[in-house]
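Breakdown of the fold
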Amino acid sequence: MPSGLAALLDDVAAIAKMAAASVDDVSAAAGRASMKAAGVVVDDAAVTPGYAMGFSPHRELPIIGKIAIGSLKNKFLILLPGALLISAFAPWALTPLLMAGGAYLCFEASEKIWEKVAGHDDGETTPDELALSSVEQEKKMVGSAIRTDLILSAEITAIALADLSERPLATQAAALALVGLLITVAVYGAVALIVKMDDIGLHLAERPSAPERALGRGLVHAMPVVLTGLATVGTVAMLWVGGGILVHGLHEYHLDLLPGLIEGLAHAAGQVPLVGAVTGWLATAAASAVVGLVVGGVIVAVLHVIPGRKHAAH
């Protein structure tokens, strides 16, 4: 009996060691995948605060919470199972799906720019917008944010999946789930802090300490500029991420003229002494953004500009 118990304990110890090794493997894989997706994570954090702007302060955190829940649903109910199915049965489908998502990002960013240029975003309220209650406006913005998150999360998932392609399916699933959870917590925690920074500033401005009051007033005055800047960065980020997805897709299909030109530009820009890595990345990002603006502009023209002119002519 004692020998049987000892054998059982040995088996339990062996299983525990295997489980610990699996956890370490998943953690390491998730860490590497998260690092490779860091650029898109920054884009996600820059895009999201704009969706909470324009609402009363007491609705900001609930809106961010709704978007975060939608993001988790995107990752765990759509992207994770979809990524595993594609990895197992249809790896060829990943590139066209990503390119469709990239085109959507380019369209959304270009549409924002068109609204600014055409004067549709100058504070005037359209009849359709007047007909929407604040609850409906909030629902509309949350839905738009979740759709954008789906595209950005798909890019994060694709980057992570590419790094995990040689791993067993169970490890892929666990690592993708961990990456999705960690990135969602990081992004929306940062976004919540950003959108509530002015309230923190108001609180500090009422403190008895003069340095705290000065810091509080500085935060209050700075936040409108910061939020406007983030909205601009978010628009540009959608262009360079979307354009980058399209360029990468062209490369995957061996249509290398445009990817080759961008690679050559980045190589030339990377020859700058000391800051070559930075200038090379900036050249790639700028070229991808131009591609995104062209593609998005074509889609905006097809969906908005040309139909609008035809309607005006009639």
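Quick notes on the rules
- Residues numbered from 1 in each chain as written.
- Predicted model: local features only at pLDDT ≥ 70, side-chain atom pairs only at ≥ 80, totals over all residues.
- Heavy atoms only, no water.
- pLDDT = per-residue confidence, 0-100.
- Helix = DSSP H or I, 4+ residues; strand = E, 2+ residues; numbered from the N terminus.
- Buried < 20%, exposed > 50% of the residue type's maximum accessible area, 1.4 Å probe, protein only.
- Contact = heavy atoms within 4.5 Å.
- Axes fitted to C-alpha atoms, helices over the stretch in contact; angles between N-to-C directions.
- Parallel < 35°, antiparallel > 145°, perpendicular 65-115°, else oblique.
- Left-handed = near helix turned anticlockwise from the far one by under 90°.
- Nonpolar A, V, L, I, M, F, W, Y, C, P; charged D, E, K, R; others polar.
- Phe/Tyr/Trp six-rings, centres within 6.5 Å; stacked < 30°, edge-to-face > 60°.
- Polar contact = N/O pair within 3.5 Å; in protein donor to acceptor, adjacent residues only side chain to side chain.
- Salt bridge = Lys/Arg side-chain N within 4 Å of Asp/Glu carboxyl O.
- 1 Å grid on protein atoms, 1.4 Å probe; cavity = no way out; pocket = protein on both sides within 12 Å on 5 of 7 lines; lining within 4 Å.
- Points joined across faces, edges and corners; volume = space filled by probe spheres on them.
- Core = buried A, V, L, I, M, F, W, Y, C linked by side-chain atoms within 4.5 Å.

**Here's the deal with the confidence of the model for the protein**
Predicted coordinates in regions of low pLDDT should not be interpreted in detail. Across the protein, the average pLDDT comes to 78, with 76% of residues at or above 70. The lowest-confidence element of the protein is helix 5 (residues 127–130), averaging 47 in pLDDT; the highest-confidence one is helix 10 (residues 257–269), averaging 93.

**Section: the side chain of T157**
Structurally, T157 is set in helix 6 (residues 134–164). For T157, a relative accessible area of 14% puts it in the buried group. Aside from chain neighbours lying at most four places away, what touches T157 is L79, A83 and L176.

**Some thoughts on the environment of P259**
The residue P259 is located in helix 10 in this model. P259 has contacts with V247, L250 and H251, leaving out every residue within four places of it along the chain.

**Describing the packing of helix 3 (residues 57–89) against helix 7 (residues 169–195)**
Helix packing for two helices is described by the angle between their axes and how far apart those axes are. Remark: helix 3 packs on helix 7, axes separated minimally by 10 Å, with the N-to-C direction vectors making an angle of 160°. Between helix 3 and helix 7, the angle is such that the two are roughly antiparallel. Every pair of crossing elements has a handedness; the one defined by helix 3 and helix 7 is right-handed. Partitioning the contact of helix 3 with helix 7 into residue classes produces 18 nonpolar, five polar and two charged.

**Thoughts on the packing of aromatic side chains**
Working definition: an aromatic ring pair is given by the centre-to-centre distance plus the angle between the planes. Taken as a whole and assessed by the stated rule, the structure comprises two aromatic pairs. Aromatic pair Y104 and F107: ring centres 6.5 Å apart, planes at 50°, arrangement tilted. Taken together, the residues Y104 and F107, both in helix 4 (residues 94–118) and three residues apart, mark about one turn of the helix. Residue Y104 is classed as partly exposed on the basis of its relative accessible area of 26%. Ring centres of W240 and W281 lie 5.8 Å apart, and the angle between their planes is 85°; this geometry places the pair in the edge-to-face category. Of the two residues, W240 sits in helix 9 (residues 210–252) while W281 sits in helix 11 (residues 276–313), which places them 41 residues apart along the sequence. Judged by its relative accessible area of 48%, W281 is partly exposed.

**Details of the environment of T235**
Note that T235 resides in helix 9. Non-local contacts of T235, meaning those with residues more than four positions away in its chain, are made with A109, K112 and I113.

**Quick look at the side chain of D149**
The residue D149 is located in helix 6 in this model. Side-chain polar atoms of D149 contact the side chain of Y188, separated by 2.8 Å.

**Describing the environment of I78**
Counting through the fold element by element, I78 comes out in helix 3. For I78, a relative accessible area of 47% puts it in the partly exposed group. In the structure, I78 is positioned 76 residues away from A154 in sequence and 9.4 Å away in space, judged by C-alpha atoms.

**With respect to the pattern of salt bridges**
In the structure shown here, the tally under the stated rule is six salt bridges. Between D149 and K75 there is a salt bridge whose closest N-O contact spans 3.9 Å. Here D149 is found in helix 6, whereas its partner K75 is found in helix 3, with 74 residues between them in sequence. Salt-bridge contacts for K196 lead to D199; the nearest nitrogen and oxygen are separated by 2.4 Å. Three or more residues are tied together by salt bridges with common partners; here these are R59, K66 and E138.

**Brief notes about empty space enclosed by the protein**
Under the defined criterion, the tally for this structure stands at one cavity of 30 Å³ or more. Computed from the structure, the largest cavity encloses a volume of approximately 120 Å³. Every residue lining the largest cavity is counted, 13 residues in all, and those nearest its centre are K75, T157, L176, V179 and G180. The set of elements that each furnish at least two residues to the lining of the largest cavity consists of helix 3, helix 6 and helix 7. Ranked by the residues each element gives to the lining of the largest cavity, the list is headed by helix 7, at five residues.

**Digging into the nonpolar core**
Counting 16 residues, the largest nonpolar core has I63, I64, I67, I183, V187, Y188 and V191 as the members making the most contacts within it. Broken down by secondary-structure element, the contributors of at least two residues to this core are helix 3, helix 6 and helix 7. With seven residues, helix 7 is the single largest residue contributor to this core. Within the second largest apolar cluster, eleven residues are counted, among which are L105, M238, V241 and I245.

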